[in-house]
Structures are given as C-alpha cells and as structure tokens.
Amino acid sequence: MSWLRRTSVALVGIAAVLAASTACGGSKSDDDPNAKATLSYAVWDKNQVPAMEKLAADFHQSHPNITVNVQATPWETYWTKLKAAASGGAAPDVFWMNGPNFQLYATNGVLKPLDDGTDLSNYPKSLVDLYTVDGKTYGIPKDFDTVGLWYNKTLFDAAGVKYPDDTWTWDTFKAAAKKLTNKAKGVYAIGSELTSFQEYQYNTIYQAGGHVISDDGKKSGYADPATIEGLTFWTDLIKSGASPDLKTMTDTQPINLFESGKLAMYYGGSWDAAEFSTNGYTKSRVDVAVLPQGKKRATIIHGLANVISAKTAHPSAASQFVQYLGSKEAAELLAQSAGVLPAYNGTQDAWVKSHPEFHLQAFLDQLDYAVPYPVSRNTAAWQELETKYLTPAWNGQTDVATAAKQLASAMDGALADEK
Amino acid sequence: MAVLERVEVAAPPRPRRRDRIRWSEALWGYALIAPTGLGLLVFYLWPVLQTAYLSFTETGPFGGPATWTGLNNYRELFSDGEFGRATLNTILYTVLGLLGVPIAVVFAALLSRPGLRGVAVYRTIFFLPVVTTPVAIAMIWRWVYNGDFGILNYLLSLVGIEGPHWVADSRTALIALVIVGIWTGLGYNLVIFIAGVKGIPRQYYEAAEIDGAGPIQQFFRITVPLLSPTIFFVSVVSVIGSLQLFDLVYVIAGGSNTASRANPAFDSMETIVYLFYAQAFQQNDKGYGAAIAMMLLVLIVGLTAVQFRMQKRWVTYD
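Residues numbered from 1 in each chain as written. Chains lettered and ligands numbered in written order. Predicted model: local features only at pLDDT ≥ 70, side-chain atom pairs only at ≥ 80, totals over all residues. Heavy atoms only, no water.

> Teacher, can you tell me more about the overall build of chain A here?
A tally of helices and strands in chain A yields 19 helices and twelve strands. For chain A, the C-alpha radius of gyration of 24 Å lies close to 22 Å, the compact-globule estimate for 419 residues. Summarising its shape, the C-alpha atoms of chain A cover approximately 85 × 55 × 40 Å along the three principal directions. Residue pairs at least 24 apart in sequence account for 74% of intrachain contacts in chain A once pairs closer than 6 positions are excluded. Accessible area of chain A: about 17,200 Å², with a carbon and sulfur share of 53%. (Helix = DSSP H or I, 4+ residues; strand = E, 2+ residues; numbered from the N terminus. Rg over C-alpha atoms; globule rule 2.2 N^0.38 Å. Contact = heavy atoms within 4.5 Å. Areas by Shrake-Rupley, 256 points an atom, 1.4 Å probe, with all protein chains shown as cover.)

Now the structure itself:
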C-alpha cells in the first residue's frame, strides 16, 4: 500500500466519523402537538427533586404523549454543565434559570422567548421584570425567595437572650451576638458567610443605604461608603469573635455549623425551610424572624423561572410543560411538597401553612421593602470578582474599605466589557 | 482529569535490519495497527491541532464562530499574574510529589523481602487508594484535614500540638495536597517497583551477603542501581501526572463551597489545569483556556525531555 493510499484511507475514516457525529446532533424538530415527546427538565435543588418529579408525573397524566425526565445537577456544577451543553447546542429542553445568569443566556440566543400569550399578571411584577430583557420575556416565574433571620431557640434559651422579632435593629443584633457567643463550648453567634452574597452581604449593604450596582447597571456601588458599612457589619463580627474566622468557615460551611448547633443564628433564604424541616437537629430547634433593621429595612428578593431552550426539538411540548409549571395547580403542589414560595399570586399561604413549626410569615412580611437581586448583562463575571477581592478582607489580611474600592474598579472594568 | 500518560521508557531492542521484509507481512502489520492509529489521529492529534488553533482565537460566551486574535491570549496569559502563580504552584507540587518515588522504592524493597508474611494484605491496603475515585479520596481527606473537627488535628492535640487549618492556611495547603497525592499514588508505584525488585537475581544479594554487606548496603548498592530503569519510568509518569493535577485541588480547595476562591489559601493551591478549567469551562473563554492548555503541553514536553537527557547520568541498563 502506498503512502498516499494509506493516507486517503485514514481520511475517509475520519470523514465517516465526523459525518456520523454531526448526523446525531442535527435531528430535526417535530412541531406536531400530538407527537410523542420526551422532555428533559434540568434542576439543581436536591430538596425539590421529589416535588419536580411529582409535577412531571401530574403533567404526564393530562398530556399522556409527553414524558418529562427530571435531571438534577448539584448547584456547584449546574451552570458549568449548562454552559457547556448550551455551547454544544444540547441544552435541556426546559430548565431552571436564575436572575444573575438570565441576561447572558437570553441575549446570546440560548433561550426561547415566550410568544404564546402567557398571562404574566399572575406573577409579581418584579419577578416578571427580572426575566424580561429588550422588551421580551423569556421565563415564567416559578418561585421566589426572601432572606430571614433563622435562629436556634435552644442556644437562645441557654444564653438567656430573647428571641428575635421585628423590633430588632443592628444594635440589638450585636448586643445579642455578644451574649450568644460561647467560646468554651465552641458556639458562635453567627457565621459571616462569604459565599452567599444573596443571604449575607447584599442584605446589609442595602440596609446600610448602599448599593451593589447603579440603576442603569453600568457602575459598581462598592466604593460607596454606605456599601462598605454594609460589608463591615460582617467583618466586625469575625473580628469580635462572634463569627468563626474564614479558615473555619472554609473547612466547615456555616450552614453545617448551624445545623449542628454551633451557630446561634443564620441568615438564610426562604428555601432553607425545606432543608431545616428535614434535618433531625434543626427540625424542632429553630425558627425564623425578619432581618434586623439597619439604617433602613431591606431583604433581597429573587426568584427562579422555568425557561425553554431555543434549540429544543419539541418546542410545542416544552411550551405546554412550562405553561403547566406556571399554573395555579402546579404552584399549589409546589408550595405543599417543594417547600418553596410559589410565584403564582395568592398561592403563598399554602407554603406558610406547610411548615407550621416555623414562623414562615416572616418571609412574606418583608415583601414591602424587598430589594430586587442586583444583576447586569453578565452578572457572573463580576460575582466572581466579589469573592476574589473580598476574601483577603474576610481573612483579615486587608482592610475592608481598601478591598471594596479595588473591587469597585475591577467590577467597573467587567461592566464596561459587557457593551 | 489527571490522566496518566503511559510512557514507554525501556526502548525495545532495535530490529536488526533485514534485507527482505515480506510485503504481505508489512501489510498485515499496518492493518493491525490501523484501528489504534486512526484512533490516535482522530482523538489525539486532531484535538491538539484544534486546541492550537483555538488558542489564537476568541469565542463568544456560548462558543459560536471564533474570531482570530493572533497572540492576544498569550499576551494576556503572561501579563496575568495568576498564570505565573498557578505554574509555580504546579511545579512546586510536582517537585514535592517526586518524594513519593523514594518512599515507594523503600516500601517495595521491604515488601519483597523473602519470608515476609501477609504480603497480599499489605499490597491490598496500599493499592486501595488507586482504585478509589479521586473525588471520594479528596472528600475524605478534607475531613481528615478539617481544622476544628478533623482527626489529624485531634491526634496532634493528644501530643499537645495545635494543628493548623490544613487546607485553608496558605502555609500548609500545598503540602496537604502533596501528602494526599503521594498517598494516592503509592499503590500504583509499588506494583511497578515490586515487579522490578522481583526481577533482580537473588544471587547478587547472596554474593553480597558473603562479602559481608548488610541490608542497607544491599539496598543502596544492588536494589537501587538495578531498579534505576524502573525508577526512571515511574518518575517520568509521576511528573506528567503531577503537572495535570486538578481533581484534588477542585475538591479540597472548594469542598462544599460553591466558590473555591473564598478559600483564603486558594492562591497557593491553584494549578495550571485548575486555571484552565476555570477559564475554559466556568468562564467559557475557550480561546484563553486553549492557550493555557498549550502552555501546559510545552511544560510537559520540556520537563520530560530534560528527564530523558538526565537519565544517561544515573540510569543503568544491564
């Protein structure tokens, strides 16, 4: 066999492999509403998987020709996996979307706009707005969440501190924190978490009168002295010993410390109700109150939406499923079994009643002054900077104000790149 | 991700030049290696070429058509201190990781002493980490290293030492990674070394004993020199493996946290492959990621070439 023949045989082989691989990727869509279809539905919260499966089964009852496969990916890898899948044109048919990632996906053609006249007045306007960009809405709100002050009643009783209520201010909080800290027993008042800005820093930033990003989404708010005050709230707790230091919180996450009775308080989202009601330790020992008040009252409000992939092979089936997920009956099912606040107006009471052991009304009481989760076109880019620049401040290596100002200029750069 | 590349070290004896190779024999030979050859072309060579091309381009956040940007990615790479730091961490890890080789040699010599009982049990214990998934190993070690509740610090506290937060303290984080790396690789290296030791004729030891050499002298004068080709092979493989360190960093630095960057010791643990993963897959900056991968390729080829050059000084083939 000559060299040329050998090479050509190899090339034919390569060509065959390539042809086969492209053939698999390019299956054509069928848009017949009665065609049999199997949809993939990607979610990240393991606590909600049983509820999502229940919804999928319920939907299958009324739409026997459509089967939905719930695919759970842990939060830690959800976005990495989704981004890779979307780049390869193989995103799930329907998936969960959040505020920080929405605009990037929507403006790059990954999501299919809602074009079937969904009645969006059934959902809070702030959530519909979160999933609207350039005048088009891409997602039907699924649930929403606010942040509250979870506390361990046993530890409060042991320290002789009154339970938190709506009269609490930052000063009350700090005074209580001092009493709740018990070095000898390894008990801290609270963990100054660095990895969940939604539950920690953003709340105190707005309570101090600061802001994360300007209203037009073009400038960082981290250089604002009020914003820095909101950050100092947390670093002061570490300095005073009321919170474990960053090294301890790296080894054991604050939520795990709270769930094992080492933290007296925990700033947690409404979604934590599902977690705390199933955990043997917290089930009977914790309760929740509204966040303590700073210069003003604030809590971050955010909600998820169900979105459809622009490249789905079954657009009509996917659309029917998303409509169902946005329906009142789905919302009620969600409230009872998923343990999250459904977005459909008027169905939230079912959620409050689903866990009578907790004062869940606290999350709804804060709606009047809730602040929308700060986002821009490519939120993830500057969210990474937030952690990167604030880590030394949390670790006590740099002063918070310096770190915040460096973060502000880095974030301004990232925002300028968004175009 | 840390794939061990198999490197053929002991060069096969060169086929003596035959005057007449029978045509059909050669044809058969080519036909038999064709599947592997094709596989290498499609799954190894083609991706390498594609990566090289990608490293000169920039793509959108979701892939899409790549635009040619020339040397931009490389320029950015060298002006970004993070790449330098990651390279330094990787090299440091690789060098410290080589300590695993002498440790494995000593264990292999001990384990192949004649008359030792329960060898199979020891070998199983040493080999267990090799067949365990790296993520599971890393998660267990993370607990071992936990500064407040970990067993390591508990044991240290028994002798009055207050242990650090091993993986959250920049002074100990890399060492903690090295220890796990060596521990994980020990079993694999042992299997190779034990085979090597078994290949040394007993007569050498008997002769040495008659001449009055003790076990330590025998180890350094007979075992080590005669094992040197195996030591060389294991060193090359271990360097290549260490340079590709990813999974341990990913799990140990990040752990249950979403953001590994929130670990105050992250800067001293980030490796080249981790940086590659963060850029190429988390940020989806494929071009920049490809440039990092190309630099890693250069580093691996360079270090392996240096090792091959140096082997002439210390490896003895009998």
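> Help me understand the packing of helix α8 (residues 173–198) of chain B against helix α10 (residues 215–243) of chain B, please; the structure alone is not making it clear to me.
For any two helices packed against each other, one specifies the crossing angle of their axes together with the interaxial distance. Residue and element names in this part refer to chain B. The contact between α8 and α10 brings their axes to 10 Å, and the two run at 150°. Judged by the inter-axis angle, α8 sits roughly antiparallel to α10. At the point where α8 passes α10, the crossing takes the right-handed sense. Contacts between α8 and α10 involve Y188, N189, I192, F193, G196 and V197 on the former and, on the latter, T223, L227, T230, I231, F233, V234 and V237. By residue class, the composition of the contact of α8 with α10 is nine nonpolar, four polar and no charged. (Axes fitted to C-alpha atoms, helices over the stretch in contact; angles between N-to-C directions. Parallel < 35°, antiparallel > 145°, perpendicular 65-115°, else oblique. Left-handed = near helix turned anticlockwise from the far one by under 90°. Nonpolar A, V, L, I, M, F, W, Y, C, P; charged D, E, K, R; others polar.)

> Looking at this structure, I do not really get the UniProt feature "transmembrane region" (unreviewed entry) in chain B. What am I missing?
All names here are of chain B. UniProt tags residues 26–46, 91–112, 124–144, 173–195, 231–253 and 287–306 as "transmembrane region" (unreviewed entry). Helix and strand shares over residues 91–112 are 86% and 0% respectively, and the end C-alpha atoms of the span are 33 Å apart. Across residues 287–306 one finds 100% helix and 0% strand; the C-alpha atoms that close the span lie 29 Å apart. (UniProt positions renumbered as here; feature names shortened; annotations may be inferred.)

> For this particular structure, what's the right way to read the nonpolar core?
Proteins that are soluble and globular tend to have nonpolar side chains buried together. Residues and elements named next belong to chain A. Counting 137 residues, the largest nonpolar core has Y41, L111, W150, Y222, M265 and Y267 as its most contacted members. The leading source of residues in this core is helix α19 (residues 400–417), at eight residues. Residues within four places of Y41 in sequence aside, it is in contact with M52, V68, N69, V70, Q71, V94, F95, W96, N306, F321 and L325. (Core = buried A, V, L, I, M, F, W, Y, C linked by side-chain atoms within 4.5 Å. Buried < 20%, exposed > 50% of the residue type's maximum accessible area, 1.4 Å probe, protein only.)

> How should the packing of aromatic side chains be read in this particular structure?
For any pair of aromatic rings, the description rests on two quantities: the centre-to-centre distance and the angle between the ring planes. The final tally for this structure, using the stated rule, is 55 aromatic pairs over all chains. Both rings, one in A:Y266 and one in A:F276, keep their centres 6.0 Å apart while their planes meet at 80°; by these two values the pair is edge-to-face. Of this pair, A:Y266 sits in strand β8 (residues 265–269) while A:F276 sits in helix α12 (residues 272–278), and the two are ten residues apart along the sequence. With 5.4 Å between their ring centres and 70° between their planes, B:F266 and B:Y274 make a pair best called edge-to-face. Taken as a pair, B:F266 and B:Y274 share a single burial class, namely buried. The ring of A:W96 carries A:K142 above its face, with NZ or CZ at 4.4 Å from the centroid. (Phe/Tyr/Trp six-rings, centres within 6.5 Å; stacked < 30°, edge-to-face > 60°. Lys NZ or Arg CZ within 6 Å of the ring centre and 35° of its normal.)

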